[in-house]
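Next come the chains, spelled out residue by residue.
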Amino acid sequence: MNEKGGLGKTSLVFNACHVLSGNKKKKRVLAIDMDAQMANLTYFTGTEKREDLPTMYNVLLQGGDIHDAIVTVKERFDLIPATVNVANISSFAKVSRMRKVMDSIRDEYDYIIIDVSPSPNHCHTLALAVSDYILIPVNPDVTSLKANEGMMETIEEVRDSSNPRLKVLGILFNKNENRTNLGSKVRALTERFAENLDTIVFDTKIRQNVALSECVAAHMGITEYSPRSNGAKDICAFVDEFVRRLEDDGR
């Protein structure tokens, strides 16, 4: 989550799912697209968008079976896609319903990763209510850091109302550029921000890399599209650190 757009958040989700489900990790992964504004995750996977495509809207507000909304992207990597109807997920979609449907598939996957839109909406509340962890991607600029201020209020509200175990797993620099003074200042500010959240800044930083933009347009994971690129190296390093931090947390 981050309430600023254009951070490469969905590309990060897409490529992390590819690595987690790939032949080295062999984890069962479900990605859920709850970004009705763009539905980029659905596009990146190459899933055909149809008006009759079941989404979380059908599951939460029409009583649909969540299994009917799952499509296979590749071996061990499944997706619940988004269409424009996801924008109609309102407060009528109850947290209790979201929790019930997620519990029904929890044991079928090693990781369930939810991609939400930047703009705050009820999907944020639903996603946070059923999540164990939040990952906050930022770019090395002040605006992507300041965008977290409102999001932290939402997180605290969810902790108080429905999910006290919700934890910020860490802050990840995406589209990182080491050569700017502004980037260095933002990194220092981010370290202090992480301390206030009782979390960490990931050691891994995803560098600016053209291949990361190209691979999603080709509907391919970065490790398939350009396995020797800096983008592939950084995504693999991030996934390794991501898994290690989850294991160290011991939940």
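In case you missed it, the structure is sitting above this.
If you're wondering where the values come from, they're calculated on a predicted model, not measured in any experiment.

About the thresholds
- Residues numbered from 1 in each chain as written.
- Predicted model: local features only at pLDDT ≥ 70, side-chain atom pairs only at ≥ 80, totals over all residues.
- Heavy atoms only, no water.
- Salt bridge = Lys/Arg side-chain N within 4 Å of Asp/Glu carboxyl O.
- Helix = DSSP H or I, 4+ residues; strand = E, 2+ residues; numbered from the N terminus.
- Buried < 20%, exposed > 50% of the residue type's maximum accessible area, 1.4 Å probe, protein only.
- Pairing = 2+ DSSP bridges.
- Axes fitted to C-alpha atoms, helices over the stretch in contact; angles between N-to-C directions.
- Parallel < 35°, antiparallel > 145°, perpendicular 65-115°, else oblique.
- Left-handed = near helix turned anticlockwise from the far one by under 90°.
- Contact = heavy atoms within 4.5 Å.
- Core = buried A, V, L, I, M, F, W, Y, C linked by side-chain atoms within 4.5 Å.
- Phe/Tyr/Trp six-rings, centres within 6.5 Å; stacked < 30°, edge-to-face > 60°.
- Polar contact = N/O pair within 3.5 Å; in protein donor to acceptor, adjacent residues only side chain to side chain.

Caption draft 1: Structural context of the pattern of salt bridges. Inspection of the entire model under this criterion finds 13 salt bridges. In this structure, Glu156 engages Arg159 in a salt bridge whose closest nitrogen and oxygen atoms are separated by 2.6 Å. Taken as a pair, Glu156 and Arg159 lie in helix α7 (residues 148-161) at a separation of three residues, close to a single helical turn. Residue class for Glu156 comes out partly exposed when judged on its relative accessible area of 37%. Several salt bridges converge on common partners, so that one network encompasses Asp103, Arg106 and Asp132.

Caption draft 2: Examining the sheet that holds strand β2 (residues 71-74) more closely. Pairing is mixed in the open sheet, where four strands are placed in the order β2-β3-β1-β4. Edge positions in the sheet fall to β2 and β4 (111-116), since each has one partner strand and no second. Along the sheet, successive strands turn relative to each other by an average axial angle of 25 degrees, direction set aside.

Caption draft 3: The packing of helix α4 (residues 95-103) against helix α5 (residues 122-130), seen in detail. Running from N to C, α4 and α5 point in directions that differ by 50 degrees, and their axes come no closer than 9 Å. When the interaxial angle is binned, α4 and α5 end up oblique. You can see that α4 and α5 cross each other, and the crossing is right-handed. Contacts between α4 and α5 pair Val95, Met98, Arg99 and Met102 from the former with Leu126, Ala127, Ala129 and Val130 from the latter.

Caption draft 4: Broad picture of the nonpolar core. Counting residues in each nonpolar core, the largest one holds 47 residues, and the members touching the most others are Met34, Met56, Ile89, Met98 and Ile136. If you tally residues by element for this core, the top one is α5, at five residues. Excluding residues within four positions of it along the chain, Met56 makes contact with Ile32, Met34, Ile66, Ile80, Pro81, Ile89, Met98 and Val101. Listed in part, the 32 residues of the second largest apolar core include Leu20, Ala31, Ala232 and Phe238.

Caption draft 5: Layout of the sheet that holds strand β6 (residues 167-176). Overall, parallel pairing links the three strands, which are arranged β5-β6-β7 in an open sheet. This sheet does not close on itself; its edge strands, each paired only once, are β5 (133-138) and β7 (201-207). Between one strand axis and the next, the sheet turns through 25 degrees on average, direction left out of account.

Caption draft 6: Seen up close, the packing of aromatic side chains. Summed over the entire model, instances satisfying the criterion amount to five aromatic pairs. Taken together, a centroid distance of 5.9 Å and an interplanar angle of 65 degrees make the contact between Phe14 and Phe44 edge-to-face. With Phe14 in helix α1 (residues 9-21) and Phe44 in helix α2 (residues 40-44), this pair connects stretches of sequence that are 30 residues apart. The exposure class of Phe14 is buried, given its relative accessible area of 0%. On the basis of relative accessibility, which here comes to 10%, the residue Phe44 falls in the buried class.

Caption draft 7: Seen up close, the side chain of Thr55. Tracing the sequence through the fold places Thr55 in the loop between α2 and α3 (56-61). From its side chain, Thr55 meets the backbone nitrogen of Tyr57 in a polar contact 3.1 Å long. There is a polar contact of 2.8 Å between the side chain of Thr55 and the side chain of Asn85.

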